[in-house]
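Each chain, letter by letter, is given below.
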Amino acid sequence: MKKLIMGALASSVAMAALPAMAQDLDPITFQLKWVNQGQFAGYLVAKDKGFYEEEGLDVTINPGGPDIAPEQVIAGGGADVITTWMAAGLAARERGVPLVNIAQPFASQALQLVCSEQSGVQSTDDFKGKKLGVWFFGNEYPFYAWMAKLDLPTEGGEEGVEVLRQAFNVDPLLQNQADCISTMKYNEFKQLLDAGVPEDSLKVFNYADEGVGMLEDGLYVMEDKLDDPEFVDQMVRFVRASMRGWEYAKENVDEAAGIVLENDLSGALTEESQVWQVEVAAGLVGESAALDPASYEQTVQTLLSAVSPDNPAITKEPEGAFSAVVTDQLK
């Protein structure tokens, strides 16, 4: 009887301790740029495997979507940290949302313009008179910078290009509504292949190879939050656990893809697509989460070189747009 009483008492004490332990975790709300998919595998893995909890964090990961702008979400207090492209982050900063890049997990870029065989496009010289699909909501900045570099008007006509405001799918190319469309090499490019389009029939232009590459998925917070040492400490732990998640995903692609599928809210993702996406996305992640100053400068100068009504990203050199206060503590 004594053992039973002591056992029951121990169980009660353990149960009572659970809420206290949960309260000890620092809550963090993280807003993604897009829906749950392999593009964000490192974060989903870090949550699933308990890496965030091991760092004392209770992380809520909110998926994005076509009508969700992470910059607006964090400006409205709906997130502590977001992932977005640097062009969008810099544009938001110039327009009064004081975003600061605190880490840059994606060291390489994945944005592409893909042209069909029927378009006859083999080089940028063939763009004249063509219809090009472009994503907006901040994704258009690299495109307009590129067109400005090529000195191509974007109002249509024989000497310019016609811009199709492309939805986030590959239908315009499959249905011959555009000569070229935007794709990410970890996502929509695979959709084209899955639709039966032969890879060797496509002409692929990678923005980085064209000299207009811009940093993509980085981590951003509001500037004033970096004045709080406790918040900075939380971000150090968040970035450390996130990079651990990416490392795990890279070494365990199939398992990571399974975790992504468990978090798929649409029910539209397939195992094959997510294995592809996790593998490609993980390959974009650098060895360090620290922002490369040269890549930052290339992004800024590319945007500044294309200041025009068509490319309203930034009009002046940004100040204070990134900070190493977090990543310096990871070294």
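J.: What is the right way to look at the packing of aromatic side chains in this model?
T.: Centre distance and the angle of the planes are the two values used to describe a pair of aromatic rings. Overall, the coordinates contain 15 aromatic pairs when judged by the stated rule. Over the ring of Phe136 we find Arg165, and its NZ or CZ is 3.8 Å from the ring centre.

J.: What exactly am I supposed to notice about the layout of surface pockets here?
T.: Once rolled over the atoms, a probe with the size of a water molecule shows which space is left empty. Here the largest pocket is characterised by a volume of approximately 420 Å³. Looking at the lining of the largest pocket, the elements with two or more residues in it are α8 (188-194) and α11 (271-284). Grouping the amino acids of the lining of the largest pocket by side-chain chemistry returns 9 nonpolar, 10 polar and 4 charged. Put simply, the second largest pocket is a space of about 320 Å³. Every residue lining the second largest pocket is counted, 16 residues in all, and those nearest its centre are Met243, Gly286, Glu287, Ser288 and Ala289. At 6 residues, helix α9 (residues 229-251) tops the list of elements feeding residues into the lining of the second largest pocket. Here the lining of the second largest pocket is composed, by residue class, of 7 nonpolar, 3 polar and 6 charged.

J.: Whenever I open this one, the nonpolar core confuses me. Can you help?
T.: Soluble globular proteins tend to pack their nonpolar side chains together in the buried interior. Phe30, Tyr52, Phe127, Leu219, Met235 and Phe238 are the most contacted members of the largest nonpolar core, which totals 68 residues. In terms of residue count, the dominant contributor to this core is α9 (10 residues). In contact with Phe30, not counting residues within four places along its chain, are Tyr43, Val59, Thr60, Ile61, Asn62, Val81, Ile82, Thr83, Leu219 and Phe238. Counting 23 residues, the second-largest nonpolar core is a separate cluster that includes Ala92, Tyr141, Leu291 and Tyr296.

J.: Which parts of the structure should I look at to understand empty space enclosed by the protein?
T.: Taken as a whole and assessed by the stated rule, the structure comprises 3 cavities of 30 Å³ or more. Within this model, the largest cavity holds a volume of roughly 250 Å³. Considering only residue class, the lining of the largest cavity consists of 12 nonpolar, 6 polar and 3 charged. Looking at the second largest cavity, its volume works out to about 60 Å³. What lines the second largest cavity is simply Trp85, Ala87, Gln109, Leu111, Pro142, Tyr207, Ala208, Val212, Gly213, Met214, Leu215 and Glu216. Class assignment of the residues belonging to the lining of the second largest cavity gives a composition of 9 nonpolar, 2 polar and 1 charged.

J.: Help me out: how do you make sense of the sheet that holds strand β2 (residues 57-62) in this one?
T.: One key point about sheets: their strands pair by backbone hydrogen bonds, in either a parallel or an antiparallel sense. Reading across the sheet, the 5 strands line up as β2-β1-β3-β10-β4 and stay open at both edges, with mixed pairing between neighbours. Each edge of the sheet is formed by a strand with only one pairing partner; in this case those strands are β2 and β4 (99-103). Put simply, the sheet's adjacent strands are angled 35° from each other on average, direction ignored. Of the strand pairs in this sheet, strand β3 (residues 81-84) and strand β10 (residues 218-222) are connected by 3 bridges, and their pairing is antiparallel. Looking at the pairing, Thr84 lines up with Gly218 of β10. Most of the contacts of helix α2 (residues 41-48) go to β2, to which it runs at about 140°, and overall it touches β1 (26-31), β2 and β10. Sitting on the sheet, α9 touches β1, β2, β3, β4 and β10, and the angle it makes with β1 is about 65°.

J.: Quick question: what am I supposed to make of the packing of α2 against helix α10 (residues 253-262) here?
T.: A pair of packed helices is characterised by two quantities: the angle between their axes and the separation of those axes. Here α2 crosses α10 at 85°, and the two axes come no closer than 9 Å. In this view, α2 runs roughly perpendicular relative to α10, as classed from their interaxial angle. Residues Ala41, Leu44, Val45 and Asp48 of α2 form the contact with α10, whose participating residues are Ala256, Ile259, Val260 and Glu262. Of the residues that constitute the contact of α2 with α10, the class distribution is 6 nonpolar, no polar and 2 charged.

J.: What's the story with the environment of Gln191 in this structure? I'm lost.
T.: Of note, Gln191 is situated in helix α8. A polar contact is formed between the side chain of Gln191 and the side chain of Asn187, at a distance of 3.0 Å.

J.: Got a minute to help me understand α11 in this structure?
T.: Side chains that are three or four residues apart share a direction in an α-helix, a result of its 3.6 residues per turn. With 14 residues, α11 ought to run about 20 Å at 1.5 Å a step, and its terminal C-alpha atoms sit 20 Å apart, in line with that. Taken as a whole, α11 has its buried residues at Ser273, Gln274, Gln277, Val278, Ala281, Ala282 and Leu284. Down the axis of α11, the sector holding all buried residues measures 145°, keeping them to one side. Turned more than 90 degrees away from the buried face of α11, the exposed residues are Glu272 and Glu279. Residues of α11 that are buried in the fold lie against α2, α9 and α10.

J.: Would you explain a negative patch on the surface in this entry?
T.: Negative charge collects at one region of the surface, where Asp224, Asp227, Asp228 and Glu230 lie side by side. You can call Asp227 exposed: its relative accessible area is 64%.

J.: Is there a simple way to think about the side chain of Thr327 in this case?
T.: Its place among the elements puts Thr327 in the segment after α12 (293-304). Residue Thr327 is classed as buried on the basis of its relative accessible area, which comes to 6%. Not counting chain neighbours up to four residues away, the residues in contact with Thr327 comprise Ile102, Ala103, Ala289 and Ala290.

Rules used in this analysis
- Residues numbered from 1 in each chain as written.
- Predicted model: local features only at pLDDT ≥ 70, side-chain atom pairs only at ≥ 80, totals over all residues.
- Heavy atoms only, no water.
- Phe/Tyr/Trp six-rings, centres within 6.5 Å; stacked < 30°, edge-to-face > 60°.
- Lys NZ or Arg CZ within 6 Å of the ring centre and 35° of its normal.
- 1 Å grid on protein atoms, 1.4 Å probe; cavity = no way out; pocket = protein on both sides within 12 Å on 5 of 7 lines; lining within 4 Å.
- Points joined across faces, edges and corners; volume = space filled by probe spheres on them.
- Helix = DSSP H or I, 4+ residues; strand = E, 2+ residues; numbered from the N terminus.
- Nonpolar A, V, L, I, M, F, W, Y, C, P; charged D, E, K, R; others polar.
- Core = buried A, V, L, I, M, F, W, Y, C linked by side-chain atoms within 4.5 Å.
- Buried < 20%, exposed > 50% of the residue type's maximum accessible area, 1.4 Å probe, protein only.
- Contact = heavy atoms within 4.5 Å.
- Pairing = 2+ DSSP bridges.
- Axes fitted to C-alpha atoms, helices over the stretch in contact; angles between N-to-C directions.
- Parallel < 35°, antiparallel > 145°, perpendicular 65-115°, else oblique.
- Polar contact = N/O pair within 3.5 Å; in protein donor to acceptor, adjacent residues only side chain to side chain.
- Expected span 1.5 Å × (residues − 1).
- Arc of directions from axis to C-beta.
- Patch = residues over 30% accessible without salt bridge, like charges linked within 9 Å, V, L, I, M, F, W, Y side chains within 5 Å.
- Areas by Shrake-Rupley, 256 points an atom, 1.4 Å probe, with all protein chains shown as cover.
- Salt bridge = Lys/Arg side-chain N within 4 Å of Asp/Glu carboxyl O.
- Lys, Arg positive; Asp, Glu negative; His and termini not counted.
- Charge placed at Lys NZ, Arg CZ, Asp CG, Glu CD.

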